[in-house]
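Tertiary structure, described
Read off the chains here:
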Amino acid sequence: MKNIDADYYGYRDEDDGVLVPLEMEYEKKLIAERVGDWKSQKEALLSGDTGMKDVEEEEEDIYAVAPEPD
């Protein structure tokens, strides 16, 4: 445990200049994808089409108390 330093925990991973550009590229791609999804959902909502192909079933009431037998 004496030889564990910041490198062990990854605190200096960004110092070599490799990780940050890769993360920025992936982040831009992901943001563009999410914005596209959001725009398509918004357009579908405005056009009256909910776009919901899978209708969610009613969730089970986890707080329901079963009636006690008499």
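Within any chain, residue numbers begin from 1 and follow the written order of that chain's sequence. At least 70 in pLDDT is required for a residue's local features to be given in this predicted model, at least 80 for side-chain atom pairs to be given and counted, and no such filter applies to totals for whole chains, interfaces and linings, which use all residues. No hydrogens and no water enter the side-chain calculation; it runs on all heavy atoms of the structure.

**Points about the overall build of the chain**
Cut-off, in case you're wondering: Helix numbers and strand numbers start at the N terminus; a helix is a DSSP run of H or I with at least 4 residues, a strand a run of E with at least 2. Burial here depends on accessible area, computed with a 1.4 Å probe over protein chains only, as a share of the maximum for the residue type. Under 20% is buried, over 50% is exposed, and the range in between is partly exposed.
When you go through the chain residue by residue, the secondary structure sums to 2 helices and 0 strands. Here the chain, with 70 residues, has 1% of them falling under the buried criterion.

**A few points about a nonpolar patch on the surface**
Condition: Patch membership requires more than 30% relative accessible area and the absence of a salt bridge. Residues of like charge join within 9 Å; the nonpolar side chains Val, Leu, Ile, Met, Phe, Trp and Tyr join within 5 Å. Computed with the Shrake-Rupley method and a 1.4 Å probe, the accessible areas treat only the protein chains shown as cover for residues. What makes a salt bridge here is a side-chain nitrogen of Lys or Arg within 4 Å of a carboxyl oxygen of Asp or Glu, nothing more.
A surface patch of nonpolar side chains, about 450 Å² in accessible area, is lined by Y8, Y9 and Y11. The exposed category is assigned to Y8, whose relative accessible area is 59%.

**A short note on a negative patch on the surface**
Put simply, the rule is: Lys and Arg are tallied as positive, Asp and Glu as negative. Neither His nor the chain termini are counted. Note on charges: their place is set at NZ of Lys, CZ of Arg, CG of Asp or CD of Glu.
There is a patch of like negative charges on the surface, built from D13, E14, D15, D16, E23 and E27. Relative to the helices and strands, D15 is located in the loop between α1 (6-9) and α2 (19-46). Given a relative accessible area of 61%, D15 falls into the exposed group.

**Looking at the pattern of salt bridges**
Counted by the stated rule, this structure contains 1 salt bridge. The salt bridge involving E33 is made with R34; its shortest N-O contact spans 3.6 Å. Judged by relative accessible area, E33 falls into the partly exposed class, the value being 39%.

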